[in-house]
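Structural characterization, general
Listed below, chain by chain, are the residues.
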Amino acid sequence: MKAEPAKRPENPEAPASRRPSAFEAQFGPRAASAAEFAAAIEVGESLTDAEVDRLRHSTGGRIRIAGAILRGRSDAGLPAADTDPDRTFAMLGPEFTPTPAGPSRESGALYLLALFSRAPQITTSMIDLVHSAFASAEVETTAAPADLTSLLTAEGLLTVSTGTDEVFAVPAVIRALMRRVTEVDADLAEKSPRQALSAAVADAVGRQRSESRAGLGEILDLVVETRDWRALERGWTRRSVNVFVDVPGAIEALLGVPEDVLAGNPILTLARSAARRIDSTRLRLGTDDMAQLLAATDFDSIVLPEMAGRLSADPADALTANEVSVLTMLEARSHRLNRESKAALDVIDLGRQRLRRIAAQAPEPTLMLQAELDLEHGRNLVAAGRFPEAMRVLEQVVRFAEIYTPNSPHPLLSGLVVTALAGMGHGHGVDMDRRLAQARVNARRFGMDSLPDEHTALCVEMMRSLDRIDVDAAVRCIPALEAARPTQYLGPVPDLVHSLSYVYLDYASIAAKLLAESEEVGFSPQAGVSNARFSGMVNILGLVLVAAGDTKGLQDLGDHMGPESPGYSIIKARLALAFGQHDRLWTTTGQILDGDQGPRIKSCAMALRVEMLHHEGRAAEAFEAFGHMLDYCAITSSALAVAQLSKAAREALISATAECTRWRVLARSFCAEEVTAAELQRRLRELPETVPVPPDFQTDLTSAEMSLLFAIDSPKSVAQIARDFGVVPGTLKNRLSALYRKLGVRSRAEAVAYAHRNQRG
């Protein structure tokens, strides 16, 4: 039936003298029924009953608004039934824009309606968020949001939804009009609707418990709807890459941030770069499983060249603490990826100084960004070989994650894995096992088949297999290690671990060749860094060279090191053993045992003493030193030191100490049921020879070398000695270098001292 034209009826419930309500003042009168609405808008036969009904629902039954829409369509030459939303809303001039003002119940309800109108969907979670926004705006009304919600539903400005996740809905046209409300009178509220929602979103993100992600999707939709990009920034500062697990829609939201918003904003630029990375992984793997995507995405190599140098370019640059944290992390990461450890650590120091200056006047960075900066700091300390410092910094990351984000993968998993790596460098075996086991358990809890730092974890696990002389387990790690995504900051560690496994498999020559051809192992140990701890890696390198019988390679390594170089003492001790230099071996191993290089290096230094004493036939002293060595092995939870003994020394001393309690203590340190004292001894006995060239305790010199040694034991200069020998000074220097290498000394003075000790003068 077509509606007949009729005059607009007066409200039968109110006398003509009644002042219009705030709702009528804003939207005009509301039709009491569908029939009244159809009669009031005078559509005649231009609309069907269904079209009239749709118009009534979209306008909340407001006759004035519906009439304006129909007139606008008519003036524009459009059909009366045209439903294009953009054209419809454009037909409502500025006079239809609501202007909530003044402290009253109705104005408070209109403010609440403006909040509801900005929500894409009004779910239960969104109602809570809107009510929080209403509270943060300090609206001047004594009515509670629940009462105002009831008032809005009674006025038809808010409708009750049934059969969907939505609880309420705002009529489409009313919703569009209320979204025009950008400012409100100061007498009504302290914040505009957009500001209030932004504050509520920030609070919701900050309070969001990682194990409960309800409502985050709606919040994100609201952020995109309101274009409140700062809310995305706040979400990232609190959750970082966890936002992709919290709400997968964050990928699209971050990818949609406009370029002009990104300009100069390091946090959003980083977040969008991370979104691009995970989106690329999603396309590559063809899955939306966020646990799998998070583990497979390389977030750690994200650098932003456009932000380079901004941290130090202009100290007066008004950066927030969060921005300083992100810029510091990114610039340090860039240096680390370029293998510039010192520059990376200098940047971190600069960033922390700037943060301290900011702290007196502005809020500190979020706990998440502090943890991420600590994680980057720890990785750089590991790359620099400063393992004790790295462990202290990384433990802070793990503590943060365990307390504040225990149910989120980041930074818990990376923190645990990198802490285990630092433990490997310094020799804390039990801690390595515990942290890796903890990482694996948590990864499974998060639905992950692998860790974000899987390559690092496998390197550490392979080393731990070699520590307990479980060669089969180490070999099983190799295929997975080769398939895992490489980790840039590991440097020579993977090649060193591989080479050690080859030594245990009796392929020492292959192990030495691997290291000789490795680009990563060709590093220069840092000099001038007193607390550097490359000693552990240099120690394994020296062990492999000895196992391969490459004494010259060991000499060359020592020639390129100075007393300040990490690992200098352990390499000199190995050379001293090879050349039978008793005093020098005892002195250099004493420096290691009295220093702070960690129990792993100390156990290997003690093993060199054991080897020397055993070779000399000093059984009682060798037995005592072997016991001390086992103590160090138990502390570091590693049998590496025992494995570096010659097969003869190993067999003799294991047999002599088989029932010693120290073996049981060492076996228990591996926290593995299959590693008993007897099993550990069996594995060590079955290892191949690791000292194929026996120590040369009687270094024989040729007559020419003896003459040269006599000659330098005088006050003559090199030029004078060269004339005496009838050669040019350069030739004499070459001969002296060869003599020094043979004696295992570094200078003329040391060579003369050697001659005196051995009564050659």
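Quick note: structure is the one above.
I will try to describe carefully the structure that is included in this document. Since this is a predicted model, take the numbers as computed values, not measurements.

For the chain, the count of helices and strands is 42 helices and two strands. Against the compact-globule benchmark of 27 Å for 761 residues, the chain has a radius of gyration of 38 Å, which places it well outside the compact range. With respect to the three principal axes, the spread of C-alpha positions in the chain is 130 × 60 × 45 Å. Relative to its full complement of 761 residues, the chain shows a buried share of 55%.

Here leucine 613 lies in helix α33 (residues 599–615). Judged by its relative accessible area of 2%, leucine 613 is buried. In sequence terms leucine 613 and alanine 649 are 36 residues apart; their C-alpha atoms lie 9.6 Å from each other. Not counting the four nearest positions on each side in its chain, leucine 613 is found in contact with Trp586, Arg618, Glu621, Ala622 and Ala625.

With that settled, the discussion passes to α33. Turn by turn, an α-helix covers 3.6 residues, leaving residues three or four places apart pointing in a common direction. With 17 residues, α33 extends 24 Å between its outermost C-alpha atoms, agreeing within 8% with the 24 Å of an ideal straight helix rising 1.5 Å per residue. Summarising burial for α33: 15 of the 17 residues are buried, a large majority. Of the residues trailing α33, glycine 617 is marked for its positive phi of about 80°.

In this structure the tally under the stated criterion is 38 salt bridges. Among the salt bridges present, the one from aspartate 300 reaches arginine 379, with a minimum N-O distance of 2.8 Å. A residue pair is termed long-range when its members are at least 10 positions apart, and aspartate 300 in the loop between α17 (290–296) and α18 (310–313) and arginine 379 in helix α21 (residues 367–383) qualify at 79 residues. By relative accessible area, which is 11% here, aspartate 300 ends up buried. Given a relative accessible area of 5%, arginine 379 falls into the buried group. As a salt-bridge pair, arginine 435 and glutamate 402 come within 3.6 Å of each other at their nearest N and O atoms. Placement of arginine 435 in helix α24 (residues 429–445) and of glutamate 402 in helix α22 (residues 387–404) is noted, with a sequence separation of 33 residues between them.

The full count for this structure, using the stated rule, is five aromatic pairs. With a centroid separation of 6.2 Å and 70° between ring planes, the pair formed by tyrosine 111 and phenylalanine 134 is classed as edge-to-face. On the criterion of sequence distance, the pair formed by tyrosine 111 in helix α6 (residues 105–117) and phenylalanine 134 in helix α7 (residues 124–136) is long-range, its members being 23 residues apart. On the basis of relative accessible area, tyrosine 111 is assigned to the buried category, the value being 1%. Given a relative accessible area of 5%, phenylalanine 134 falls into the buried group.

Scanning the model with the defined rule gives six cavities of 30 Å³ or more in all. Estimates place the volume of the largest cavity at around 330 Å³. Considering the residues around the largest cavity, the lining is formed by 23 residues, among which Val241, Phe299, Asp300, Arg379 and His410 are closest to the centre. Secondary structure elements with two or more residues in the lining of the largest cavity: α16 (266–285), α19 (321–337) and α21. Of all the elements, α21 adds the most residues to the lining of the largest cavity, at four residues.

What counts and how
Residues numbered from 1 in each chain as written. Predicted model: local features only at pLDDT ≥ 70, side-chain atom pairs only at ≥ 80, totals over all residues. Heavy atoms only, no water. Helix = DSSP H or I, 4+ residues; strand = E, 2+ residues; numbered from the N terminus. Rg over C-alpha atoms; globule rule 2.2 N^0.38 Å. Buried < 20%, exposed > 50% of the residue type's maximum accessible area, 1.4 Å probe, protein only. Contact = heavy atoms within 4.5 Å. Expected span 1.5 Å × (residues − 1). Salt bridge = Lys/Arg side-chain N within 4 Å of Asp/Glu carboxyl O. Phe/Tyr/Trp six-rings, centres within 6.5 Å; stacked < 30°, edge-to-face > 60°. 1 Å grid on protein atoms, 1.4 Å probe; cavity = no way out; pocket = protein on both sides within 12 Å on 5 of 7 lines; lining within 4 Å. Points joined across faces, edges and corners; volume = space filled by probe spheres on them.

Everything listed here is a matter of geometry and, on its own, says nothing about what the molecule does.
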